[in-house]
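The primary structure of each chain is shown beneath.
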Amino acid sequence: MLFNSFEFLVFFAIIFVSFYSLSHKFRWLLLLLASCFFYMYFIPEYILILFFTILITYYSAILIEKSTIKKQRKQILIISILLNISILSYFKYFNFLNNNLSTFLEFFSVENRIPLLEIILPVGLSFFIFQSISYSIEVYRGTLPVERHLGYYSLYVMFFPQLVAGPIERPQNILPQLKKKSKFSFTNLESGLKLILLGLFKKVVVADQLSFFVDNVYASQLNQSPEQIFVAAILFSFQIYCDFSGYSDMAIGLAKTMGIDLMTNFKQPYFSYSLTHFWQRWHISLSSWFKDYLYIPLGGNRESRFKTYRNIFIIFAVSGLWHGSSWTFVIWGLIHGFVVTIERIFKYNPKNKNFFIRSIGVFITFFILTIAWVFFRSSNIDQAFNFLFLLKNISTEKIITLLSNSEVFYNFILVSLLIIVDFFDTKINLNNLNIVSKTLFYTLVLIFILIMGSFNNNSFIYFQF
(Lines give C-alpha, C1' and ligand atoms only; values in the text may rest on other atoms or scores of the structure.)
Protein backbone atom coordinates (compact mmCIF):
# COMPACT_ATOMS: atom_id res chain seq x y z
CA MET A 1 0.00 0.00 0.00
CA LEU A 2 1.56 3.25 -1.13
CA PHE A 3 1.22 6.64 0.58
CA ASN A 4 0.34 8.13 -2.83
CA SER A 5 -2.63 5.83 -3.40
CA PHE A 6 -6.35 6.24 -2.81
CA GLU A 7 -6.36 2.98 -0.81
CA PHE A 8 -3.94 4.45 1.70
CA LEU A 9 -6.03 7.61 2.02
CA VAL A 10 -9.04 5.51 3.03
CA PHE A 11 -6.88 3.28 5.25
CA PHE A 12 -5.33 6.16 7.17
CA ALA A 13 -8.63 8.04 7.55
CA ILE A 14 -10.08 4.97 9.28
CA ILE A 15 -7.01 4.54 11.50
CA PHE A 16 -6.88 8.23 12.42
CA VAL A 17 -10.55 8.38 13.46
CA SER A 18 -10.30 5.06 15.31
CA PHE A 19 -7.10 6.13 17.09
CA TYR A 20 -8.73 9.13 18.75
CA SER A 21 -12.01 7.29 19.33
CA LEU A 22 -10.39 4.48 21.32
CA SER A 23 -9.23 4.51 24.90
CA HIS A 24 -5.46 4.94 25.26
CA LYS A 25 -4.95 1.36 26.50
CA PHE A 26 -6.20 -0.06 23.18
CA ARG A 27 -4.39 2.30 20.81
CA TRP A 28 -1.20 0.25 20.66
CA LEU A 29 -3.25 -2.74 19.50
CA LEU A 30 -4.99 -0.68 16.82
CA LEU A 31 -1.67 0.64 15.48
CA LEU A 32 -0.09 -2.82 15.61
CA LEU A 33 -2.96 -4.42 13.68
CA ALA A 34 -2.92 -1.51 11.23
CA SER A 35 0.84 -1.99 10.74
CA CYS A 36 0.37 -5.72 10.12
CA PHE A 37 -2.34 -5.02 7.55
CA PHE A 38 -0.22 -2.31 5.91
CA TYR A 39 2.80 -4.61 5.57
CA MET A 40 0.78 -7.61 4.42
CA TYR A 41 -0.67 -5.49 1.62
CA PHE A 42 2.63 -6.05 -0.24
CA ILE A 43 3.45 -9.77 0.19
CA PRO A 44 1.37 -11.24 3.06
CA GLU A 45 3.63 -14.18 3.96
CA TYR A 46 6.66 -11.92 4.42
CA ILE A 47 5.21 -10.66 7.66
CA LEU A 48 6.57 -13.90 9.16
CA ILE A 49 10.08 -12.56 8.52
CA LEU A 50 9.16 -9.38 10.35
CA PHE A 51 7.77 -11.37 13.29
CA PHE A 52 10.92 -13.51 13.39
CA THR A 53 13.22 -10.48 13.63
CA ILE A 54 11.01 -9.03 16.35
CA LEU A 55 11.18 -12.22 18.44
CA ILE A 56 14.95 -12.49 18.01
CA THR A 57 15.65 -9.01 19.37
CA TYR A 58 12.85 -9.09 21.95
CA TYR A 59 14.09 -12.23 23.71
CA SER A 60 17.79 -11.54 23.22
CA ALA A 61 17.35 -8.16 24.93
CA ILE A 62 15.70 -9.85 27.91
CA LEU A 63 18.61 -12.32 28.12
CA ILE A 64 21.11 -9.45 27.91
CA GLU A 65 19.42 -7.65 30.79
CA LYS A 66 19.24 -10.79 32.94
CA SER A 67 22.89 -11.68 32.46
CA THR A 68 25.41 -10.23 34.92
CA ILE A 69 28.44 -11.50 33.03
CA LYS A 70 29.79 -8.95 30.54
CA LYS A 71 31.24 -11.54 28.18
CA GLN A 72 27.95 -13.44 28.09
CA ARG A 73 25.98 -10.26 27.45
CA LYS A 74 28.25 -9.46 24.52
CA GLN A 75 27.89 -12.97 23.12
CA ILE A 76 24.09 -12.72 23.22
CA LEU A 77 24.25 -9.34 21.47
CA ILE A 78 26.55 -10.70 18.75
CA ILE A 79 24.31 -13.73 18.16
CA SER A 80 21.24 -11.45 17.94
CA ILE A 81 22.96 -9.15 15.43
CA LEU A 82 24.28 -12.08 13.37
CA LEU A 83 20.82 -13.66 13.16
CA ASN A 84 19.36 -10.39 11.91
CA ILE A 85 22.20 -9.83 9.45
CA SER A 86 21.79 -13.43 8.25
CA ILE A 87 18.17 -12.77 7.36
CA LEU A 88 19.18 -9.60 5.51
CA SER A 89 22.04 -11.38 3.75
CA TYR A 90 19.91 -14.30 2.59
CA PHE A 91 17.24 -12.18 0.96
CA LYS A 92 19.38 -9.30 -0.23
CA TYR A 93 22.89 -10.62 -0.87
CA PHE A 94 22.72 -14.38 -1.56
CA ASN A 95 22.49 -14.06 -5.34
CA PHE A 96 25.00 -11.20 -5.37
CA LEU A 97 27.57 -13.27 -3.50
CA ASN A 98 26.77 -16.34 -5.58
CA ASN A 99 27.29 -14.44 -8.85
CA ASN A 100 30.62 -13.11 -7.63
CA LEU A 101 31.65 -16.58 -6.54
CA SER A 102 30.87 -17.86 -10.05
CA THR A 103 33.01 -15.09 -11.57
CA PHE A 104 35.88 -15.92 -9.21
CA LEU A 105 35.73 -19.67 -9.93
CA GLU A 106 35.77 -19.03 -13.68
CA PHE A 107 39.40 -17.95 -13.38
CA PHE A 108 40.20 -21.50 -12.27
CA SER A 109 37.84 -23.11 -14.80
CA VAL A 110 35.66 -24.36 -11.98
CA GLU A 111 31.88 -24.42 -12.27
CA ASN A 112 29.79 -23.02 -9.45
CA ARG A 113 27.01 -25.53 -8.83
CA ILE A 114 25.16 -23.41 -6.28
CA PRO A 115 21.94 -22.31 -7.99
CA LEU A 116 20.63 -18.75 -7.92
CA LEU A 117 17.47 -18.30 -5.91
CA GLU A 118 14.28 -16.68 -7.10
CA ILE A 119 13.89 -14.32 -4.18
CA ILE A 120 11.69 -11.26 -3.87
CA LEU A 121 13.28 -8.85 -1.42
CA PRO A 122 10.88 -8.13 1.47
CA VAL A 123 9.96 -4.47 1.30
CA GLY A 124 11.72 -2.35 3.92
CA LEU A 125 13.90 -5.24 5.13
CA SER A 126 17.05 -3.14 5.60
CA PHE A 127 15.12 -0.52 7.53
CA PHE A 128 13.42 -2.70 10.14
CA ILE A 129 16.52 -4.91 10.54
CA PHE A 130 18.62 -1.86 11.40
CA GLN A 131 15.92 -0.55 13.72
CA SER A 132 15.81 -3.90 15.51
CA ILE A 133 19.60 -4.01 15.86
CA SER A 134 19.68 -0.52 17.38
CA TYR A 135 17.31 -1.72 20.14
CA SER A 136 19.59 -4.65 21.03
CA ILE A 137 22.65 -2.42 21.14
CA GLU A 138 20.98 0.23 23.31
CA VAL A 139 19.85 -2.43 25.82
CA TYR A 140 23.38 -3.88 25.86
CA ARG A 141 24.87 -0.43 26.49
CA GLY A 142 22.48 0.11 29.37
CA THR A 143 21.04 3.29 27.87
CA LEU A 144 17.59 1.73 27.53
CA PRO A 145 15.58 -0.58 29.81
CA VAL A 146 14.19 -3.74 28.27
CA GLU A 147 10.68 -3.42 26.85
CA ARG A 148 8.84 -6.44 28.27
CA HIS A 149 5.54 -5.65 26.60
CA LEU A 150 5.86 -7.59 23.35
CA GLY A 151 3.06 -5.55 21.77
CA TYR A 152 4.76 -2.21 22.34
CA TYR A 153 8.11 -3.55 21.19
CA SER A 154 6.52 -5.02 18.05
CA LEU A 155 4.90 -1.67 17.36
CA TYR A 156 8.26 0.08 17.72
CA VAL A 157 9.63 -2.10 14.90
CA MET A 158 6.44 -2.16 12.81
CA PHE A 159 4.97 1.34 13.17
CA PHE A 160 3.50 1.65 9.69
CA PRO A 161 4.34 5.29 8.77
CA GLN A 162 8.08 4.57 8.85
CA LEU A 163 8.11 0.77 8.56
CA VAL A 164 9.26 0.34 4.96
CA ALA A 165 11.47 3.37 4.25
CA GLY A 166 12.28 5.03 7.57
CA PRO A 167 13.30 7.22 9.21
CA ILE A 168 15.29 4.52 11.07
CA GLU A 169 14.24 5.40 14.58
CA ARG A 170 15.93 4.83 17.93
CA PRO A 171 13.95 2.97 20.61
CA GLN A 172 14.53 5.65 23.25
CA ASN A 173 12.70 8.13 21.02
CA ILE A 174 9.73 6.03 19.89
CA LEU A 175 8.89 3.62 22.73
CA PRO A 176 8.09 6.34 25.32
CA GLN A 177 5.90 8.16 22.77
CA LEU A 178 3.91 5.02 21.97
CA LYS A 179 3.06 4.68 25.65
CA LYS A 180 2.16 8.27 26.44
CA LYS A 181 -1.45 9.42 26.43
CA SER A 182 -1.95 11.80 23.55
CA LYS A 183 -5.00 13.98 23.09
CA PHE A 184 -6.22 15.24 19.77
CA SER A 185 -4.44 18.47 18.88
CA PHE A 186 -5.24 20.84 16.03
CA THR A 187 -1.59 21.95 16.14
CA ASN A 188 -0.38 18.38 15.58
CA LEU A 189 -2.99 17.86 12.88
CA GLU A 190 -1.99 21.04 11.05
CA SER A 191 1.75 20.26 11.31
CA GLY A 192 1.17 16.69 10.17
CA LEU A 193 -1.05 17.62 7.22
CA LYS A 194 1.46 20.25 6.11
CA LEU A 195 4.23 17.63 5.94
CA ILE A 196 1.95 15.13 4.21
CA LEU A 197 1.00 17.74 1.63
CA LEU A 198 4.60 18.80 1.00
CA GLY A 199 5.74 15.18 0.81
CA LEU A 200 2.97 14.34 -1.65
CA PHE A 201 3.98 17.37 -3.74
CA LYS A 202 7.59 16.17 -3.89
CA LYS A 203 6.52 12.65 -4.83
CA VAL A 204 3.68 13.00 -7.37
CA VAL A 205 4.43 16.45 -8.82
CA VAL A 206 8.22 16.35 -9.02
CA ALA A 207 9.69 12.84 -8.59
CA ASP A 208 7.09 10.90 -10.58
CA GLN A 209 7.02 13.47 -13.38
CA LEU A 210 10.82 13.56 -13.67
CA SER A 211 10.90 9.77 -13.77
CA PHE A 212 9.31 9.71 -17.25
CA PHE A 213 12.30 11.45 -18.83
CA VAL A 214 14.95 9.83 -16.62
CA ASP A 215 13.66 6.27 -17.04
CA ASN A 216 13.40 6.69 -20.79
CA VAL A 217 17.01 7.86 -21.09
CA TYR A 218 18.38 5.04 -18.92
CA ALA A 219 16.24 2.42 -20.70
CA SER A 220 17.50 3.39 -24.17
CA GLN A 221 20.89 4.86 -23.35
CA LEU A 222 22.53 4.03 -26.70
CA ASN A 223 19.87 6.00 -28.55
CA GLN A 224 20.30 9.14 -26.45
CA SER A 225 22.46 12.17 -27.12
CA PRO A 226 25.14 13.24 -24.61
CA GLU A 227 22.99 16.28 -23.83
CA GLN A 228 19.97 14.11 -22.96
CA ILE A 229 22.17 11.95 -20.74
CA PHE A 230 23.53 15.07 -19.02
CA VAL A 231 20.02 16.39 -18.35
CA ALA A 232 18.84 12.96 -17.15
CA ALA A 233 21.73 12.80 -14.67
CA ILE A 234 20.78 16.18 -13.21
CA LEU A 235 17.09 15.36 -13.10
CA PHE A 236 17.70 12.04 -11.36
CA SER A 237 19.46 13.89 -8.55
CA PHE A 238 16.22 15.77 -7.94
CA GLN A 239 14.03 12.75 -8.60
CA ILE A 240 15.63 10.60 -5.91
CA TYR A 241 15.66 13.51 -3.45
CA CYS A 242 11.97 14.23 -3.97
CA ASP A 243 11.03 10.57 -3.96
CA PHE A 244 12.81 9.73 -0.72
CA SER A 245 12.40 12.98 1.18
CA GLY A 246 8.78 13.03 0.04
CA TYR A 247 8.24 9.66 1.69
CA SER A 248 10.02 10.82 4.86
CA ASP A 249 7.92 13.99 5.01
CA MET A 250 4.71 11.98 4.69
CA ALA A 251 5.87 9.42 7.26
CA ILE A 252 6.77 12.15 9.77
CA GLY A 253 3.48 13.96 9.02
CA LEU A 254 1.35 10.83 9.46
CA ALA A 255 2.96 10.10 12.81
CA LYS A 256 2.60 13.74 13.88
CA THR A 257 -1.18 13.69 13.41
CA MET A 258 -1.24 10.97 16.09
CA GLY A 259 1.04 12.92 18.43
CA ILE A 260 4.23 10.97 17.64
CA ASP A 261 7.41 12.83 16.64
CA LEU A 262 9.75 11.07 14.22
CA MET A 263 13.24 12.40 13.60
CA THR A 264 13.97 14.78 10.74
CA ASN A 265 15.54 12.88 7.83
CA PHE A 266 16.40 15.63 5.31
CA LYS A 267 17.54 19.25 5.58
CA GLN A 268 17.85 20.70 2.06
CA PRO A 269 20.85 18.45 1.23
CA TYR A 270 21.56 19.99 -2.18
CA PHE A 271 22.49 23.26 -0.50
CA SER A 272 25.41 21.46 1.17
CA TYR A 273 28.82 23.06 0.60
CA SER A 274 30.74 19.76 1.00
CA LEU A 275 30.04 16.03 1.00
CA THR A 276 30.70 15.94 4.74
CA HIS A 277 28.02 18.60 5.11
CA PHE A 278 25.76 16.66 2.72
CA TRP A 279 25.75 13.59 4.98
CA GLN A 280 24.66 15.77 7.87
CA ARG A 281 21.55 16.67 5.85
CA TRP A 282 20.76 13.59 3.71
CA HIS A 283 19.11 10.45 5.13
CA ILE A 284 20.10 11.64 8.59
CA SER A 285 18.62 8.60 10.34
CA LEU A 286 20.93 6.25 8.38
CA SER A 287 24.09 8.36 8.54
CA SER A 288 23.66 8.85 12.31
CA TRP A 289 22.97 5.08 12.68
CA PHE A 290 26.27 4.23 10.98
CA LYS A 291 28.05 6.85 13.04
CA ASP A 292 26.73 5.61 16.40
CA TYR A 293 26.77 1.87 15.79
CA LEU A 294 29.70 1.33 13.41
CA TYR A 295 31.98 4.36 12.95
CA ILE A 296 32.46 5.17 16.65
CA PRO A 297 32.81 1.49 17.72
CA LEU A 298 35.51 1.10 15.02
CA GLY A 299 37.40 3.94 16.70
CA GLY A 300 35.94 6.90 14.84
CA ASN A 301 38.53 9.66 14.60
CA ARG A 302 40.02 9.01 18.04
CA GLU A 303 43.04 7.08 16.80
CA SER A 304 45.56 7.56 13.98
CA ARG A 305 44.76 9.37 10.75
CA PHE A 306 45.12 6.13 8.81
CA LYS A 307 42.52 4.37 10.99
CA THR A 308 40.21 7.38 10.72
CA TYR A 309 40.36 7.27 6.92
CA ARG A 310 39.97 3.48 7.01
CA ASN A 311 36.85 3.85 9.13
CA ILE A 312 35.40 6.40 6.72
CA PHE A 313 35.88 4.03 3.78
CA ILE A 314 34.36 1.12 5.72
CA ILE A 315 31.32 3.18 6.60
CA PHE A 316 30.67 4.30 3.04
CA ALA A 317 31.37 0.88 1.52
CA VAL A 318 28.86 -0.68 3.94
CA SER A 319 26.45 2.16 3.22
CA GLY A 320 26.73 1.36 -0.48
CA LEU A 321 26.01 -2.32 0.13
CA TRP A 322 23.13 -1.41 2.44
CA HIS A 323 21.49 0.33 -0.49
CA GLY A 324 21.76 -2.58 -2.87
CA SER A 325 23.43 -5.87 -3.78
CA SER A 326 25.43 -4.57 -6.73
CA TRP A 327 28.93 -3.24 -7.31
CA THR A 328 27.38 -0.03 -8.62
CA PHE A 329 26.19 0.75 -5.10
CA VAL A 330 29.61 -0.09 -3.65
CA ILE A 331 31.27 2.29 -6.12
CA TRP A 332 28.67 4.93 -5.25
CA GLY A 333 29.58 4.53 -1.57
CA LEU A 334 33.33 4.57 -2.23
CA ILE A 335 33.06 7.78 -4.27
CA HIS A 336 31.49 9.42 -1.23
CA GLY A 337 34.10 7.88 1.08
CA PHE A 338 36.95 9.09 -1.14
CA VAL A 339 35.69 12.67 -1.34
CA VAL A 340 34.89 12.87 2.40
CA THR A 341 38.41 11.59 3.13
CA ILE A 342 39.95 14.21 0.81
CA GLU A 343 37.90 16.91 2.55
CA ARG A 344 39.19 15.73 5.90
CA ILE A 345 42.82 15.54 4.75
CA PHE A 346 42.77 19.10 3.40
CA LYS A 347 40.44 20.32 6.16
CA TYR A 348 38.00 21.59 3.55
CA ASN A 349 35.09 23.36 5.24
CA PRO A 350 33.69 26.55 3.63
CA LYS A 351 31.15 26.99 6.44
CA ASN A 352 32.64 30.26 7.70
CA LYS A 353 33.67 31.57 4.27
CA ASN A 354 31.85 34.24 2.32
CA PHE A 355 28.71 33.59 0.29
CA PHE A 356 30.61 33.31 -3.01
CA ILE A 357 32.98 30.58 -1.77
CA ARG A 358 30.13 28.66 -0.14
CA SER A 359 28.18 28.89 -3.41
CA ILE A 360 31.14 27.44 -5.32
CA GLY A 361 31.23 24.66 -2.73
CA VAL A 362 27.52 23.96 -3.26
CA PHE A 363 28.03 23.76 -7.03
CA ILE A 364 31.04 21.41 -6.77
CA THR A 365 29.26 19.21 -4.24
CA PHE A 366 26.18 18.90 -6.43
CA PHE A 367 28.38 18.02 -9.42
CA ILE A 368 30.09 15.21 -7.47
CA LEU A 369 26.75 13.96 -6.16
CA THR A 370 25.29 13.88 -9.67
CA ILE A 371 28.24 11.82 -10.97
CA ALA A 372 27.88 9.41 -8.04
CA TRP A 373 24.12 9.10 -8.61
CA VAL A 374 24.86 7.77 -12.11
CA PHE A 375 26.31 4.63 -10.50
CA PHE A 376 23.40 4.48 -8.06
CA ARG A 377 20.85 4.60 -10.89
CA SER A 378 22.63 2.39 -13.45
CA SER A 379 21.78 -1.30 -13.81
CA ASN A 380 25.44 -2.32 -13.92
CA ILE A 381 28.95 -0.89 -13.96
CA ASP A 382 29.23 -0.98 -17.76
CA GLN A 383 26.09 1.12 -18.15
CA ALA A 384 27.36 3.65 -15.61
CA PHE A 385 30.76 4.09 -17.31
CA ASN A 386 29.18 4.21 -20.77
CA PHE A 387 26.84 6.86 -19.45
CA LEU A 388 29.72 8.96 -18.12
CA PHE A 389 31.86 8.32 -21.20
CA LEU A 390 29.20 9.81 -23.46
CA LEU A 391 29.19 13.02 -21.41
CA LYS A 392 32.57 14.05 -22.83
CA ASN A 393 30.86 14.88 -26.12
CA ILE A 394 28.47 17.45 -24.66
CA SER A 395 27.86 20.56 -26.70
CA THR A 396 26.87 23.73 -24.85
CA GLU A 397 24.88 24.89 -27.87
CA LYS A 398 22.96 21.61 -28.00
CA ILE A 399 22.29 21.81 -24.25
CA ILE A 400 20.64 25.19 -24.72
CA THR A 401 18.62 23.80 -27.63
CA LEU A 402 17.55 20.79 -25.55
CA LEU A 403 16.40 23.05 -22.73
CA SER A 404 13.93 24.61 -25.14
CA ASN A 405 12.34 21.18 -25.61
CA SER A 406 8.88 21.30 -24.01
CA GLU A 407 9.36 18.14 -21.91
CA VAL A 408 12.80 19.17 -20.62
CA PHE A 409 11.68 22.74 -20.00
CA TYR A 410 8.65 21.46 -18.06
CA ASN A 411 10.90 19.23 -15.92
CA PHE A 412 13.09 22.17 -14.97
CA ILE A 413 9.98 24.20 -14.14
CA LEU A 414 9.12 21.39 -11.69
CA VAL A 415 12.60 21.58 -10.18
CA SER A 416 12.18 25.34 -9.80
CA LEU A 417 8.84 24.80 -8.06
CA LEU A 418 10.53 22.35 -5.72
CA ILE A 419 13.19 24.90 -4.78
CA ILE A 420 10.52 27.55 -4.15
CA VAL A 421 8.38 25.23 -2.00
CA ASP A 422 11.46 23.97 -0.14
CA PHE A 423 12.54 27.55 0.49
CA PHE A 424 9.18 28.53 1.96
CA ASP A 425 9.08 25.35 4.03
CA THR A 426 12.52 25.76 5.61
CA LYS A 427 13.41 29.45 5.44
CA ILE A 428 9.99 30.82 6.35
CA ASN A 429 8.29 29.33 9.39
CA LEU A 430 4.82 28.66 8.02
CA ASN A 431 3.47 28.22 11.54
CA ASN A 432 4.17 31.90 12.20
CA LEU A 433 2.16 33.08 9.21
CA ASN A 434 -1.39 34.27 9.65
CA ILE A 435 -4.27 31.98 8.74
CA VAL A 436 -4.86 33.68 5.38
CA SER A 437 -1.23 33.32 4.23
CA LYS A 438 -1.04 29.70 5.35
CA THR A 439 -4.32 28.83 3.68
CA LEU A 440 -3.17 30.47 0.45
CA PHE A 441 0.14 28.61 0.47
CA TYR A 442 -1.41 25.20 1.18
CA THR A 443 -4.12 25.80 -1.40
CA LEU A 444 -1.52 26.57 -4.06
CA VAL A 445 0.43 23.40 -3.18
CA LEU A 446 -2.79 21.36 -3.33
CA ILE A 447 -3.67 22.87 -6.73
CA PHE A 448 -0.22 21.95 -8.05
CA ILE A 449 -0.72 18.38 -6.78
CA LEU A 450 -4.15 17.99 -8.37
CA ILE A 451 -3.24 19.60 -11.70
CA MET A 452 0.38 18.53 -12.18
CA GLY A 453 0.59 15.35 -10.11
CA SER A 454 1.15 11.89 -11.58
CA PHE A 455 -1.26 9.50 -9.88
CA ASN A 456 -0.05 6.22 -11.35
CA ASN A 457 0.68 4.71 -7.93
CA ASN A 458 4.41 4.73 -8.63
CA SER A 459 6.35 2.95 -5.92
CA PHE A 460 9.02 4.73 -3.88
CA ILE A 461 12.63 4.16 -4.95
CA TYR A 462 13.81 3.30 -1.45
CA PHE A 463 11.26 0.48 -1.10
CA GLN A 464 13.82 -1.72 -2.89
CA PHE A 465 16.33 -1.21 -0.07
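Keep in mind that what you see is a predicted model, and the values were worked out from it rather than measured.

Caption draft 1: Quick look at the overall build of the protein. The helix and strand inventory of the protein stands at 18 helices and zero strands. For the protein, whose C-alpha radius of gyration is 23 Å, the value lies close to the compact-globule estimate of 23 Å for 465 residues. The buried share of the protein, taken over its 465 residues, is 54%. Contacts in the protein between residues far apart in sequence, at least 24 positions, make up 77% of those at least 6 positions apart. For the protein, the accessible surface area stands at approximately 22300 Å², while carbon and sulfur atoms represent 66% of it.

Caption draft 2: Here's a closer look at helix α2 (residues 24–40). In a regular helix each residue adds 1.5 Å, so 17 residues correspond to 24 Å; α2 covers 25 Å between its end C-alpha atoms and thus fits that length. Burial in α2 covers these residues: His24, Arg27, Leu30, Leu31, Leu32, Ala34, Ser35, Cys36, Phe38 and Tyr39. The inward-facing, buried residues of α2 abut α1 (6–21), α3 (47–66), α5 (125–141), α6 (150–158) and α7 (171–179).

Caption draft 3: Looking closely at the nonpolar core. Of all hydrophobic cores here, the largest spans 144 residues; its most connected members are Phe160, Tyr270, Trp282 and Tyr462. Ignoring anything within four residues of it in the chain, the contact list for Phe160 reads Phe3, Phe8, Phe11, Phe12, Ile15, Leu31, Ala34, Ser35, Phe38, Tyr247 and Met258.

Caption draft 4: Structural context of the environment of Pro115. Secondary-structure assignment places Pro115 in the loop between α4 (70–106) and α5. By relative accessible area, which is 54% here, Pro115 ends up exposed. Separated by 17 residues in the primary sequence, Pro115 and Asn98 have C-alpha atoms spaced 8.0 Å apart. In this structure, Pro115 is in contact with Phe94 and Asn98, ignoring residues within four places of it in sequence.

Caption draft 5: Broad picture of the environment of Ile335. Along the chain, Ile335 falls in helix α13 (residues 327–345). For the pair formed by Ile335 and Phe316, sequence separation is 19 residues and the distance between their alpha carbons is 8.4 Å. The contact partners of Ile335, leaving out residues within four places of it in the chain, are Ala372 and Phe375.

Caption draft 6: Molecular detail of the side chain of Thr53. Position of Thr53 among the secondary structure elements: in helix α3. Of the residues examined, Thr53 reaches a relative accessible area of 0% and is grouped as buried. Setting aside chain neighbours within four positions, we find Thr53 in contact with Asn84, Ile87, Phe128, Ile129 and Ser132.

Caption draft 7: The arrangement of the packing of α3 against α6 in detail. The geometry of α3 relative to α6 is characterised by a closest axis approach of 10 Å and an angle of 120° between their N-to-C directions. Relative to α6, α3 is oriented oblique. Considering only the axes of α3 and α6, their crossing is right-handed. Between α3, through Ile47, Leu50, Phe51, Ile54, Leu55, Thr57 and Tyr58, and α6, the contact on the second element is made entirely by Leu150, Tyr153, Ser154, Val157 and Met158. Each residue belonging to the contact of α3 with α6 can be placed in one class, and the counts come to ten nonpolar, two polar and no charged.

Caption draft 8: Seen up close, the packing of aromatic side chains. Enumeration according to the criterion identifies 63 aromatic pairs in this entry. For the pair Phe19 and Tyr20, a centre-to-centre distance of 5.0 Å together with 90° between the ring planes defines the contact as edge-to-face. Using a relative accessible area of 4% as the deciding quantity, one classes Phe19 as buried. When the ring of Phe441 is compared with that of Tyr442, the centres are 5.8 Å apart and the planes differ by 65°; the resulting orientation is edge-to-face. The buried category is assigned to Tyr442, whose relative accessible area is 17%. Above the face of the Phe19 ring, Arg27 is positioned so that its terminal group lies 4.6 Å from the ring centre. The ring centre of Tyr152 lies 5.7 Å from the NZ or CZ of Lys179, which sits over that ring.

Caption draft 9: Looking closely at the pattern of salt bridges. A full pass over the atoms with the stated rule returns nine salt bridges. The shortest N-O distance in the salt bridge between Arg377 and Asp215 comes to 2.9 Å. Placement of Arg377 in helix α14 (residues 355–377) and of Asp215 in helix α8 (residues 186–219) is noted, with a sequence separation of 162 residues between them. Its relative accessible area of 34% is what places Asp215 among the partly exposed residues. Between Asp261 and Lys256 there is a salt bridge, and its shortest N-O distance comes to 2.7 Å. Residue Asp261 is classed as partly exposed on the basis of its relative accessible area, which comes to 36%. Each of Lys203, Asp208 and Asp243 takes part in salt bridges that share partners, so that together they form one network.

Caption draft 10: Examining the packing of α3 against α5 more closely. It is the contact of α3 with α5, at a shortest axis distance of 9 Å, that shows an interaxial angle of 5°. Considered as vectors, α3 and α5 are oriented roughly parallel to each other. Note on element contacts: α5 touches α3 through Leu125, Phe128, Ile129, Ser132, Tyr135, Ser136, Val139 and Tyr140, opposite Ile49, Leu50, Thr53, Thr57, Ser60, Ala61 and Ile64. Residue classes in the contact of α3 with α5 are distributed as ten nonpolar, five polar and no charged.

Caption draft 11: Examining a nonpolar patch on the surface more closely. Where nonpolar side chains cluster on the molecular surface, the patch consists of Leu440, Leu444, Leu446, Ile447, Leu450, Ile451 and Phe455 and spans about 700 Å² of accessible area. Note on placement: Leu446 falls in helix α18 (residues 435–452). Assessed through its relative accessible area of 38%, Leu446 is described here as partly exposed.

Caption draft 12: Representation of unusual backbone geometry in the model. For the peptide bond that leads from Gly166 to Pro167, omega is 5°, which places it in the cis range. As for its position among the elements, Pro167 is in the loop between α6 and α7. A positive phi angle, close to 55°, is found at Ser109, a residue other than glycine. As for its placement among the helices and strands, Ser109 is situated in the loop between α4 and α5. Looking at Ser109, the relative accessible area reads 72%, which means it is exposed. One non-glycine residue with positive phi stands out, namely Gln268, at about 40°. Looking at the element boundaries, Gln268 is found in the loop between α9 (226–257) and α10 (275–278).

Criteria and cut-off values
- Position numbers for residues count from 1 along each chain, tracking the sequence in the order it is written.
- The model is predicted, so local features are restricted to residues of pLDDT at least 70 and side-chain atom pairs to those at 80 or more, both for listing and for counting; the totals for chains, interfaces and linings are taken over all residues.
- Think of the side-chain values as coming from all heavy atoms in the structure, minus any hydrogens and water.
- Numbering of helices and strands starts at the N terminus; helices are DSSP runs of H or I of at least 4 residues and strands are runs of E of at least 2.
- Using C-alpha atoms as the atom set, the radius of gyration is obtained and then compared with a globule rule of 2.2 Å times the number of residues to the power 0.38.
- In this scheme, a residue with accessible area under 20% of its type's maximum is buried, one over 50% is exposed, and one in between is partly exposed, where area comes from a 1.4 Å probe on protein chains only.
- The contact criterion used is simple: two residues touch if any of their non-hydrogen atoms lie within 4.5 Å.
- A 1.4 Å probe and the Shrake-Rupley method give the accessible areas. Residues count as covered only by the protein chains that appear here.
- A helix's residues, less one, multiplied by 1.5 Å, set its expected span.
- We call a set of buried Ala, Val, Leu, Ile, Met, Phe, Trp, Tyr and Cys residues a nonpolar core when their side-chain atoms join them within 4.5 Å.
- Between N-to-C directions, angles cover 0 to 180 degrees, with each direction set by a line fitted to C-alpha atoms, over the stretch in contact for helices.
- For classification purposes, angles smaller than 35 degrees are called roughly parallel, those larger than 145 roughly antiparallel, those between 65 and 115 roughly perpendicular, and all remaining angles oblique.
- For any pair of crossing helices, the crossing counts as left-handed if the nearer helix is rotated counterclockwise from the farther one by less than a right angle, and right-handed if it is rotated clockwise.
- Gly falls in the polar group here, along with every residue not listed as nonpolar (Ala, Val, Leu, Ile, Met, Phe, Trp, Tyr, Cys, Pro) or charged (Asp, Glu, Lys, Arg).
- Only rings of Phe, Tyr and Trp enter the pairing, Trp through its six-membered ring, and a pair is recorded when the two centres are within 6.5 Å. The plane angle decides the type: under 30 degrees is stacked, over 60 is edge-to-face, the rest tilted.
- Ring-over charges, as used throughout, are those where CZ of Arg or NZ of Lys falls within 6 Å of the ring centre and within 35 degrees of the ring normal.
- Here, a salt bridge means any side-chain nitrogen of Lys or Arg that lies within 4 Å of a carboxyl oxygen of Asp or Glu.
- The patch calculation keeps residues exceeding 30% relative accessible area without a salt bridge and links them within 9 Å when they carry like charges or within 5 Å when they are nonpolar (Val, Leu, Ile, Met, Phe, Trp, Tyr).

No statement about biological role is implied by the geometric values presented.
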